[in-house]
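Summary of structural features
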Amino acid sequence: MNGGSSEIDDPNFFFAIDGATNPSSELNATLDAFFSPQKKDDNSSICKFPARYAWLKEQLKATNFPKANCVEYEKIFKRVDPKSTTLVFPAAHINSPASMFGHTFLRINSSYHSKLLSYAVNYAADADETKENGILFAIKGLTGGYYGMYSLLPYYDKLKEYRDSEQRDIWEYDLNLTQKETVRMFRHIWELNGTHSYYYFFTQNCSYNMLWLLEAARPTLDLRSKFTYQVIPLETVHVVKNAGIVTSYNYRPSKRTKLLKYENLIDNKYVYLPVKLVNGLMKAKNIDANKSINITQKQYILEAAIEYLEYQYSREKVKKEDYLERFHELTTQRAKLGIGKSLQIKTPSNPVNGHRAVRVQAGVGVRDSKLISFLGFRPAYHGLEDSNYGFLRGTQIEFLNLLASYRENTMKIEDATIISIVSLAQRSEFFKSFSWRTKIGWDNDYLTTKPTFDFTIGAGYSWGNKMGYLYFLLDPLLYIQNQPVSGLGGTIGFKIDKFKNLNTNVEFRQRYYDNGRKQLLINALQGVRVSKNSQIVLKYDYKEKLKAKKMQSEQTFRLMFKYYF
């Protein structure tokens, strides 16, 4: 219970009418149900609520407790074979705002050596964002407009969904829950089967309910209390780690990561061949027959084609009959080339070693030769100006970012962002990604000298390598002065992020407004990661402003200290 009321909203979960708010009444009703003369089969209360049954029997030290023949429960229990527990974190999906926070679910490990044969416990909103209006999807998700449902699925099915179809790297954190505790958790999961609760994107979401299950497994854990107004999936991984129950971790690269690795291994003159093979524009035997391609390159080309074919099929870009024919052709031809080198993918920085979500910052600087100080706060989550260590490259999602300045006895709001999302997805031979960004809020990036409410949405392309990436965006914009002012902007920027503790970003923006004015904006930033949760940033801003009916430049140099918690 939380605040005197159960977090389960389904009345079918309770025996007593007031069971959701009256534990004593629910306890008595539960005992009445267990001792009732009803037939003790799969439909009995004992079989539907094995966690309560086991707890009551243990607490009462009962020797003559009623028994039931729970055939279905025992069958599923034997199939799942719960031995231990792993927390699974599928990292962010670069071009899906709903997935940029990542996701968490639990894996119940069995006695099988292969973890792929284990089962996954997932909690998600009973909705399909691809079939609903995006704005309506967001509003309903924020206000509890969807039911949240538990599911128990084979782990390999979840891997296909997140790792293969959604291009998300998978991080697995093994926990020190005992077999007894894992069994206790399984019983709770069984009780929740078919029930629902209201799903809230920011609070009672997938990750919150995974913490709830871990606390059910080991009641001495205190995980959920660490969160109040938001439950970010990666933050729950931090909390679980800080609780001291993570024993080891494992990394599973996504299809995207594998294909990008093949793109680096295949010579530039051959890198287009896997796509041609998958699209049916050439035959696999032509690769083997080409004497100018050495055997290692042939192996890489065919292996990449197989991976890309599976990826395209998972996205329904290839018909089933074409998939089966080409898969057989590619794998048969690849087998003829013998054993090659296994794909070696370097494990990236672990997300739990990246910074936390809440950020405070303070700094001093000079604006137009006069001293200025800054103070800021952001409750969530990650920005391009933050260290990229442990986060997906080219992504930003910030809520309620506030930055104020103080100069010459005057306080001013520099930035009051409601929401800002950026997805700079680098294009490659396999992924013709689209980059975009949007922002709603107040800032000082316009012609006026006062904070201005604005809405921007931009789109373009990005290309990158190991050193960093370059991006080009077109930014239509709208801001409110005395009346609405619209315009069109163009952005060219680059970021260098090769080095673990350094973050360099330079951006040029040229804007043209419907009133005939134009404006140049330049910002350059050098960040230094001092520790996991602290960063020093040196930043320069150049802005053209309309002052006294004349265009004048405004230059700001600042030194900022940022701390995350």
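Look up a bit, the structure's there.
Scope of this entry: the structure provided in the associated data block.

Some details on the packing of aromatic side chains
Working definition: an aromatic ring pair is given by the centre-to-centre distance plus the angle between the planes. Considering all chains together, one arrives at 38 aromatic pairs under this definition. Residues Phe434 and Tyr461 carry aromatic rings whose centres are separated by 6.2 Å and whose planes lie at 80° to one another, so their mutual orientation is edge-to-face. Separated by 27 residues along the polypeptide, Phe434 in the loop between strand 12 (410–423) and strand 13 (435–443) and Tyr461 in strand 14 (residues 452–464) bring together distant segments of the chain. Take Phe434: its relative accessible area is 41%, and that puts it in the partly exposed class. Arranged with centres 6.1 Å apart and planes meeting at 50°, the rings of Tyr461 and Trp463 form a pair that is tilted. The class of Tyr461 is partly exposed, set by a relative accessible area of 38%. Under the relative-accessibility criterion, Trp463 is labelled partly exposed at 40%. Ring pairs connect the aromatic residues Phe13, Phe14, Phe15, Phe34, Phe35, Phe49, Tyr53 and Phe65, which therefore count as one cluster. Between Arg52 and the ring centre of Phe13, over which it is positioned, the NZ or CZ distance is 4.7 Å. Its end group placed over the ring of Tyr389, Arg529 keeps NZ or CZ at 4.2 Å from the ring centre.

Comments concerning helix 6 (residues 155–165)
Among the residues of helix 6, Tyr155, Lys158, Leu159, Tyr162, Arg163 and Asp164 are the ones counted as buried. Count one or two residues on from helix 6 and you reach Gln167, which has phi positive near 60°.

Focus on the nonpolar core
Core analysis: the biggest nonpolar cluster contains 74 residues, and Leu106, Tyr150, Met185, Leu213, Leu214, Val240 and Tyr381 have the highest contact counts within it. Sorting elements by how many residues they give to this core places helix 8 (residues 206–217) first, with 8 residues. In this structure Tyr381 touches Met100, Phe101, Ile232, Leu234, His355, Arg356, Ala357, Phe391, Ile397 and Glu398, once residues within four positions along its chain are discounted. Judged by nonpolar contacts, the second largest core, of 28 residues, contains Ile266, Ala284, Ile293 and Tyr300.

Brief notes about the pattern of salt bridges
Applying the stated criterion to the full structure yields 39 salt bridges. Note that Arg107 is salt-bridged to Glu172, the shortest N-O span being 3.0 Å. Highlighted residues: Arg107 in strand 2 (residues 105–109) and Glu172 in strand 5 (residues 170–175), separated in sequence by 65 residues. A relative accessible area of 3% places Glu172 in the buried class.

Points about the state of the cysteines
Per the stated rule, a full pass over the model turns up 1 disulfide. Between the sulfur atoms of Cys47 and its disulfide mate Cys70 the distance is 2.0 Å. Of note, the bridge from Cys47 to Cys70 carries an S-S torsion of about -90° and is left-handed in sense. Highlighted residues: Cys47 in helix 2 (residues 45–48) and Cys70 in the loop between helix 3 (50–60) and helix 4 (71–80), separated in sequence by 23 residues.

Cut-offs applied
- Residues numbered from 1 in each chain as written.
- Predicted model: local features only at pLDDT ≥ 70, side-chain atom pairs only at ≥ 80, totals over all residues.
- Heavy atoms only, no water.
- Phe/Tyr/Trp six-rings, centres within 6.5 Å; stacked < 30°, edge-to-face > 60°.
- Helix = DSSP H or I, 4+ residues; strand = E, 2+ residues; numbered from the N terminus.
- Buried < 20%, exposed > 50% of the residue type's maximum accessible area, 1.4 Å probe, protein only.
- Lys NZ or Arg CZ within 6 Å of the ring centre and 35° of its normal.
- Core = buried A, V, L, I, M, F, W, Y, C linked by side-chain atoms within 4.5 Å.
- Contact = heavy atoms within 4.5 Å.
- Salt bridge = Lys/Arg side-chain N within 4 Å of Asp/Glu carboxyl O.
- Disulfide = S-S within 2.5 Å.

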